[in-house]
Amino acid sequence: MADENKSSRFPSILTGLRGVLMLLAGIYAVLFPGAALLVLTTLAAALFVIDGVLGLWAITFGGGKTGNFWFDVVRNALSIVVGILILISPLLGTLITAAFLVYLVAFQAIFVGAMEIVVVVRERELYAKIWPVLLSGVLYVLFGLLLAFWPLEAAVALVMVGGVLMMVFAFGLLGLAWRLWQAGH
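- The protein chain goes by DUF308 domain-containing protein in an unreviewed UniProt entry, where it is assigned to Pelagibacterium flavum.

In structure tokens form, the structure reads like this:
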């Protein structure tokens, strides 16, 4: 009976382990955001290489043909090349990747904010109060400008926010693990 009870607690142990790992990753991201960004970029580069190799293997031997042979070959070859270039210089790859992604978010925020302002001004008779929507649009534009002018600092800040969110989620997992443990699971 004792063996059966130990094996039935396996889900709670795995959930607790996930919570601990998520908590440690969150703490690492908050304390060392630059290093965490470097680790994430390096892992993404490794995934690019693996994806490209597996994609070429699937085209050649696996029967994974989509009808766009040359497109598939070029796509998978580019995945391998980008992954290798980032792995050769992970710091440079991190700087370029982080800046590019932050610029995408910045331009999206500026565009959305400007569109909110234009729409609310154009259709102001449909709104009881236009100032909340105007304020929202202005804040979007300001947020986008902050990201555009300080992209690397913004990337580090976003990693820190992600770390805090991971820690919050980790506490949820640890609470779930405790409830599972108490229920004998």
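**Details of the UniProt feature "transmembrane region" (unreviewed entry) in the protein chain**
Turning to step 1, where the next piece is worked out: Taking the numbering used here, the UniProt-annotated feature "transmembrane region" (unreviewed entry) corresponds to residues 12-31, 37-61, 73-92, 98-121, 133-150 and 156-181.
Turning to step 2, where the next piece is worked out: The span residues 37-61 carries 100% helix and 0% strand; its end-to-end C-alpha distance comes to 36 Å.
Turning to step 3, where the next piece is worked out: Taken end to end, residues 133-150 has its terminal C-alpha atoms 26 Å apart, with 94% of it in helix and 0% in strand.

**Structural notes on the nonpolar core**
Turning to step 1, where the next piece is worked out: In terms of nonpolar packing, the biggest core is built from 11 residues, these being A29, A36, L37, A98, V102, A106, L147, A148, A154, A155 and V159.
Turning to step 2, where the next piece is worked out: If you list the elements that add at least two residues to this core, you get α3 (33-62), α5 (90-122), α6 (131-149) and α7 (151-182).
Turning to step 3, where the next piece is worked out: Residue contacts for A29: discarding those within four places in its chain leaves A36, V159, M160, G163 and M166.

**Some words on the packing of aromatic side chains**
Turning to step 1, where the next piece is worked out: Summed over the entire model, instances satisfying the criterion amount to five aromatic pairs.
Turning to step 2, where the next piece is worked out: Relative to F32, the ring of Y28 lies with its centre 5.4 Å away and its plane at 50°, an arrangement referred to as tilted.
Turning to step 3, where the next piece is worked out: When its relative accessible area of 48% is taken as the criterion, F32 is described as partly exposed.
Turning to step 4, where the next piece is worked out: Between F69 and W70, the aromatic rings sit 5.0 Å apart at their centres with planes inclined by 80°, giving edge-to-face as the arrangement.
Turning to step 5, where the next piece is worked out: Across the ring face of W181, the terminal group of R9 is positioned such that the distance to the ring centre comes to 4.2 Å.

**Overview of the layout of surface pockets**
Turning to step 1, where the next piece is worked out: There is about 240 Å³ of room inside the largest pocket.
Turning to step 2, where the next piece is worked out: Looking at the lining of the largest pocket, the elements that each hand over two or more residues are α3, α5 and α7.
Turning to step 3, where the next piece is worked out: Residues of the lining of the largest pocket, tallied by class, amount to 11 nonpolar, three polar and no charged.

**Points about the side chain of T94**
Turning to step 1, where the next piece is worked out: By the secondary structure assignment, T94 is in helix α5.
Turning to step 2, where the next piece is worked out: T94 has contacts with L37, L38 and T41, leaving out every residue within four places of it along the chain.

**Examining the packing of α3 against α7**
Turning to step 1, where the next piece is worked out: Where α3 contacts α7, the two axes come as close as 9 Å, and the packing angle between them is 90°. Classified by the interaxial angle, the pair formed by α3 and α7 is roughly perpendicular. Each of P33, A36 and L37 in α3 lies in contact with α7, whose residues at this interface are A155, V156, V159 and M160.
Turning to step 2, where the next piece is worked out: In terms of residue class, the contact of α3 with α7 is made up of seven nonpolar, no polar and no charged.

**Some remarks on the pattern of salt bridges**
Turning to step 1, where the next piece is worked out: Under the definition given, this model contains one salt bridge.
Turning to step 2, where the next piece is worked out: Notably, a salt bridge pairs D51 with R75, separated by 2.9 Å at the nearest N-O pair. With a gap of 24 residues between them, D51 in helix α3 and R75 in helix α4 (residues 69-88) connect regions that are remote in the sequence.

**Quick look at the environment of G34**
Turning to step 1, where the next piece is worked out: In this fold, G34 is placed in helix α3.
Turning to step 2, where the next piece is worked out: Sequence spacing of G34 and I110 is 76 residues, and the spatial spacing of their C-alpha atoms is 26 Å.

Rules and cut-offs
- Residues numbered from 1 in each chain as written.
- Predicted model: local features only at pLDDT ≥ 70, side-chain atom pairs only at ≥ 80, totals over all residues.
- Heavy atoms only, no water.
- UniProt positions renumbered as here; feature names shortened; annotations may be inferred.
- Helix = DSSP H or I, 4+ residues; strand = E, 2+ residues; numbered from the N terminus.
- Core = buried A, V, L, I, M, F, W, Y, C linked by side-chain atoms within 4.5 Å.
- Buried < 20%, exposed > 50% of the residue type's maximum accessible area, 1.4 Å probe, protein only.
- Contact = heavy atoms within 4.5 Å.
- Phe/Tyr/Trp six-rings, centres within 6.5 Å; stacked < 30°, edge-to-face > 60°.
- Lys NZ or Arg CZ within 6 Å of the ring centre and 35° of its normal.
- 1 Å grid on protein atoms, 1.4 Å probe; cavity = no way out; pocket = protein on both sides within 12 Å on 5 of 7 lines; lining within 4 Å.
- Points joined across faces, edges and corners; volume = space filled by probe spheres on them.
- Nonpolar A, V, L, I, M, F, W, Y, C, P; charged D, E, K, R; others polar.
- Axes fitted to C-alpha atoms, helices over the stretch in contact; angles between N-to-C directions.
- Parallel < 35°, antiparallel > 145°, perpendicular 65-115°, else oblique.
- Salt bridge = Lys/Arg side-chain N within 4 Å of Asp/Glu carboxyl O.

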